[in-house]
Amino acid sequence: MSDNEFAAQVDDDAKSAPADRETNGPLDESEANAVRPYVDLGGVKIVPRPDLQLRLEVEEGSKRVVAVGLDYAGSSLQVQPFAAPRTSGLWNEIRAQIVDQIHKQGGTTTIADGPFGPEVLAEIPVTTAGQTGTRLARFVGVDGPRWFLRGVIAGEGAVNPEAAAQIEDLFRSIVVVRGNTPMPPRDLIPLNMPAATPSGDVTSSATA
C-alpha cells in the first residue's frame, strides 16, 4: 500500500496500538509488575536481559537525555516516550511527518501493517567515510494512556524475521512512566541515567 493510500484511510486523532497492549506491552507503569526488576531511566523502565547493551543519547547543548538506545541480538532499537492526550493518539500524525522528512532527505518509505500496527519501512541515504549508501530502518509507534512511545529499529531487526521477533519482544517489554506532571502533547517525557543497573552496561553518547 502506498503512503498516500494508507493516510487516506486513517483518522489522525485515533489511537494506534496492539489490541493486547495492556497485557503484553508496551505497558503503562500502572499495568506493570511492581516487583519485577527494571532499569529505571525516568520516563521508561527497561527489563534487563543477558547481552542487552543500553545507551543514553544526550543532547550536546542541554546535556539532557533525549533517547534510549538498546543494542540486542544484532539489532538496535532507539526509543523515546512522549506526553500525549488522554483520549486521542499521536502516531498517525507523527508517522506522516516521518514519511515526509525521509522523502526530503532523498529516502524512500513504505507503510506496512506490523505487530504494533502501522509502521514505516524506510531506506535512508547515509554517508560513511565518504561513501554514500542507504540504511534500512523500521519506525514503530504505540499510543498508550497519556503517552506515546516511538521506536526505531535498525540492523538485523529491520531485515531478518527471527531477529525482528527478538527486538519486537524487547520493545513490548518497555514500561512507560508518564507521571502526573502536566505536559503539553509531544513533549519528551524526561529521561535520566539510572541510579543502579541490575545487569548490563550503560553508556552515553552525544547527539546534536
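Please refer to the structure placed before this passage.
Read on for a plain summary of the structure. (Residues numbered from 1 in each chain as written. Predicted model: local features only at pLDDT ≥ 70, side-chain atom pairs only at ≥ 80, totals over all residues. Heavy atoms only, no water.)

### Observations concerning the pairing of strand β8 (residues 117-128)
Where strand β7 (residues 108-114) meets β8, seven bridges bridge the pair, whose relative direction is antiparallel. Bridging across to β8, Ile-111 finds its partner in Val-120. As judged from the nine bridges shared by β8 and strand β9 (residues 131-144), these two strands associate in the antiparallel manner. Considered in β9, the bridge of Thr-127 is made with Thr-132. Taking the residues between adjacent antiparallel strands as the criterion, β8 and β9 are bridged by two residues, where Ala-129 takes a positive phi near 55 degrees. (Pairing = 2+ DSSP bridges. Helix = DSSP H or I, 4+ residues; strand = E, 2+ residues; numbered from the N terminus.)

### Observations concerning the packing of aromatic side chains
According to the stated counting rule, one finds three aromatic pairs in the structure shown. Between Phe-82 and Phe-148 the ring centres are 6.3 Å apart and the planes differ by 25 degrees, which places this aromatic pair in the stacked class. On the criterion of sequence distance, the pair formed by Phe-82 in strand β6 (residues 75-83) and Phe-148 in strand β10 (residues 147-155) is long-range, its members being 66 residues apart. Residue classification places Phe-148 among the buried positions, given a relative accessible area of 0%. For the pair Phe-116 and Phe-171, a centre-to-centre distance of 4.9 Å together with 75 degrees between the ring planes defines the contact as edge-to-face. In this pair, Phe-116 sits in the loop between β7 and β8 while Phe-171 sits in helix α4 (residues 161-172), placing the two residues 55 residues apart along the sequence. Here the aromatic cluster, defined as three or more aromatic residues joined through ring pairs, consists of Phe-82, Trp-91 and Phe-148. In this arrangement the basic side chain of Arg-49 is found over the ring face of Tyr-72, its NZ or CZ atom lying 5.3 Å from the centre. (Phe/Tyr/Trp six-rings, centres within 6.5 Å; stacked < 30°, edge-to-face > 60°. Buried < 20%, exposed > 50% of the residue type's maximum accessible area, 1.4 Å probe, protein only. Lys NZ or Arg CZ within 6 Å of the ring centre and 35° of its normal.)

### So, α4
Spanning 12 residues, α4 covers 16 Å between terminal C-alpha atoms, matching the ideal 16 Å at 1.5 Å per step. Residues of α4 that are buried include every one of Ala-163, Ala-164, Ile-167, Glu-168, Leu-170, Phe-171 and Arg-172, and no others. Of the surrounding elements, those touching the buried residues of α4 are α2 (21-24), β1 (27-28), β5 (65-72), β6, β9 and β10. Near the N-terminus of α4, the side chain that reaches the backbone nitrogen of Glu-162, with its oxygen 2.8 Å away, is that of Asn-160. (Expected span 1.5 Å × (residues − 1). Contact = heavy atoms within 4.5 Å. Polar contact = N/O pair within 3.5 Å; in protein donor to acceptor, adjacent residues only side chain to side chain.)

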